[in-house]
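Okay, here's what each chain looks like letter by letter:
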Amino acid sequence: MCRINSDSKAVQNQSPIPNEPAAPVDCCGGLNNVDYSKMDFTLMEEFLRHINFYDTSFCVALIAIIFNPFFWNLVARWEHRTRRLSGLFGSPFLACYCLGFIIILLNVLRSHSMTVAMKAQPRWEAMDRMDVFYVGTALIIVGTVLVVSSFLALGFTGTFLGDYFGILLDEKVTVFPFNIMENPMYWGSTANYLGLALIGASPVGLILAATVAAAYKVAIQFEGPFTAQIYRERSQRRKHE
């Protein structure tokens, strides 16, 4: 009987103390012990409440944003491989001008569809402030400078994939704005759309501007190496001549 009592006391001594605080939860695999269950997502929820992802105008704008770079890369690579457009128009310059005109029309359609989508969905009071308006205006000014200066530095054929038509530049363009960043026309265009979203206090505009940036980022991954390959091939041909 005595041995049973001693064993019972030993078990009681090993039981956890009721008032002892629980060890901190290692949430999300050890990311600095951040417990996301205690984070405040009120602002994000409020942001998402102003967006209707099923709205027709929003879906049209998304399709236009994704389609444009896909289209011009597909057509330009096909032309580089087959020279069909140059043969059809009788000149690589005329073929490039035609594709450039189509790209301009597609970009106008994209801008229009994004504007319609932003007008179709509500403004957000948290963004409807003068400081946000001024930031948006500054982004549009910077974006316009980048786009226009890029076009002036490259020319029409340089801007609209003339490399793929065999219309190559003599040397790499290094004047402004190419001396401060790569692909300034793409990022200038993105800045314009972001600026419009801020001026319009439009949450859906922010989503669309982010989609433009993502679409351009993907396009750059395809265009950059392919364009470099075109110029390497020209250098090799010149060495053998």
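Counting restarts for each chain, with residues numbered from 1 along the sequence as it is written. Selection of residues for local features in this predicted model requires a pLDDT of at least 70, selection of side-chain atom pairs for listing and counting requires 80 or more, and totals for whole chains, interfaces and linings are taken over all residues. As a rule here, side-chain values cover all heavy atoms of the structure and leave hydrogens and water aside.

By the naming in an unreviewed UniProt entry, the protein chain goes by Phosphatidylethanolamine N-methyltransferase and is assigned to Takifugu bimaculatus. UniProt positions are given in the numbering used here, feature names are shortened, and annotations may be inferred rather than shown by experiment. A UniProt comment under Sequence similarities (unreviewed entry) is attached to the protein chain, and it reads "Belongs to the class VI-like SAM-binding methyltransferase superfamily. PEMT/PEM2 methyltransferase family."

### As for helix α3 (residues 56-82)
Residues lying three or four places apart along an α-helix face the same way, a consequence of the helix completing one turn every 3.6 residues. The first and last C-alpha atoms of α3 sit 37 Å apart over 27 residues, in line with the 39 Å expected at 1.5 Å per residue. In α3, a bend of some 30 degrees at F67 exceeds every other bend along the element, and P69, a proline, comes one to four places later. The buried label applies to any residue whose accessible area, calculated with a 1.4 Å probe on protein chains only, is under 20% of its type's maximum; exposed applies above 50%, and partly exposed to all values in between. Here a strand is any run of E in DSSP of at least two residues, a helix any run of H or I of at least four, and the numbering for each starts at the N terminus. For α3, the complete set of buried residues consists of S57, F58, A61, A64, I65, N68, P69, W72, N73, V75, A76 and E79. In this fold, the buried residues of α3 make contact with α4 (84-89), α5 (92-120), α7 (184-199) and α8 (203-240). One or two steps after α3, the chain reaches R83, where phi turns positive at roughly 60 degrees. One less than the number of residues in a helix, times 1.5 Å, gives the span that helix is expected to have. Throughout, the bend at a residue refers to the angle made by two axes, fitted to the seven residues ending there and to the seven starting there. The contact rule is simple, with two residues in contact once any of their heavy atoms fall within 4.5 Å.

### Some thoughts on the pattern of salt bridges
The term salt bridge refers to a side-chain nitrogen of Lys or Arg lying within 4 Å of a carboxyl oxygen of Asp or Glu. According to the stated counting rule, one finds 5 salt bridges in the structure shown. With its nearest N and O atoms 3.9 Å apart, the salt bridge here joins E79 to R83. Since its relative accessible area comes to 34%, R83 is described here as partly exposed. Of the charged contacts, one joins E182 and K172 as a salt bridge, the two residues approaching to 4.0 Å between their closest N and O atoms. One end of the pair, E182, is in the loop between α6 (130-159) and α7; the other, K172, is in the loop between α6 and α7, and 10 residues separate them in sequence. The two residues E182 and K172 agree in class, both being exposed.

### With respect to the UniProt feature "binding site: S-adenosyl-L-methionine" (unreviewed entry) in the protein chain
Taking the numbering used here, the UniProt-annotated feature "binding site: S-adenosyl-L-methionine" (unreviewed entry) corresponds to I141, V142, G143, E223 and G224. When you line up the elements, V142 lands in helix α6. Judged by its relative accessible area of 46%, V142 falls in the partly exposed class. With respect to the element layout, G224 can be found in helix α8.

### Describing the environment of R83
Relative to the elements of secondary structure, R83 occurs in the loop between α3 and α4. In this structure the C-alpha to C-alpha distance between R83 and A95, which are 12 residues apart in sequence, comes to 9.6 Å. If we ignore the near neighbours within four places in the chain, the residues touching R83 are W78, Y164, F165 and G166. Polar contacts involving the side chain of R83 include one to the main-chain carbonyl oxygen of Y164, which spans 2.6 Å. In protein, a polar contact means a hydrogen-donor-capable atom and an acceptor-capable atom, both N or O and within 3.5 Å, with residues adjacent in sequence counting only if both atoms are side-chain atoms; elsewhere, any N or O pair within 3.5 Å suffices.

### A few points about the side chain of N68
If you trace the backbone, N68 turns up in helix α3. Judged by relative accessible area, N68 falls into the buried class, the value being 1%. A distance of 3.1 Å separates the side chain of N68 from the side chain of N107, its partner in a polar contact. N68 has contacts with L106, N107 and R110, leaving out every residue within four places of it along the chain.

### Things to note about α7
For α7, which comprises 16 residues, the first-to-last C-alpha distance of 22 Å matches the rise-based estimate of 22 Å (1.5 Å per residue) to within 8%. Within α7 the residues assigned to the buried category are P184, Y186, G188, S189, T190, A191, N192, Y193, G195, A197 and L198. Positioned one or two residues after α7, A201 has a phi angle of 50 degrees, which is positive.

### So, the packing of α3 against α5
For helices, the fitted line uses only the C-alpha atoms of the stretch in contact; every axis is such a line through C-alpha atoms, and the angle between N-to-C directions lies from 0 to 180 degrees. Two elements in contact, α3 and α5, have axes whose closest approach is 8 Å; the angle formed by their N-to-C orientations is 165 degrees. One element, α3, and the other, α5, form an angle in the roughly antiparallel class. Crossing of α3 over α5 shows left-handed handedness. Contacts between α3 and α5 pair S57, F58, V60, A61, A64, I65, F67, N68, F71, W72 and V75 from the former with L99, I102, I103, L106, N107, R110, S113, M114, V116, A117 and A120 from the latter. Residue classes in the contact of α3 with α5 are distributed as 17 nonpolar, 4 polar and 1 charged. Roughly parallel means an angle under 35 degrees; roughly antiparallel means over 145; roughly perpendicular covers 65 to 115; every other angle is labelled oblique. By convention the crossing between two helices is left-handed if the near helix lies anticlockwise of the far one by an angle smaller than a right angle, and right-handed if it lies clockwise. For this scheme, ten residues count as nonpolar: Ala, Val, Leu, Ile, Met, Phe, Trp, Tyr, Cys and Pro. Four count as charged, namely Asp, Glu, Lys and Arg, and the remainder, Gly too, count as polar.

### Some remarks on the side chain of S57
Positionally, S57 belongs in helix α3. For S57, a relative accessible area of 15% translates into the label buried. Non-local contacts of S57, meaning those with residues more than four positions away in its chain, are made with S113, V116, A117 and A120.

### Focus: the packing of aromatic side chains
Two numbers describe a pair of aromatic rings. These are the distance of the centres and the angle of the planes. Centres within 6.5 Å make a pair out of two Phe, Tyr or Trp rings, where for Trp the six-membered ring is used; the pair is then stacked when the planes are under 30 degrees apart, edge-to-face when over 60, and tilted otherwise. Inspection of the entire model under this criterion finds 10 aromatic pairs. On the basis of an interplanar angle of 85 degrees and a centroid distance of 6.4 Å, the ring pair of F151 and F156 is categorised as edge-to-face. F156 sits in the partly exposed class, given a relative accessible area of 26%. Among the aromatic side chains, those forming a connected cluster through ring pairs are Y97, F151, F156 and F160. Positioned over the ring face of F226 is R77, at 4.2 Å from the centre of the ring. Working rule: Lys NZ or Arg CZ, within 6 Å of ring centre, within 35 degrees of ring normal, means a charge sits over the ring.

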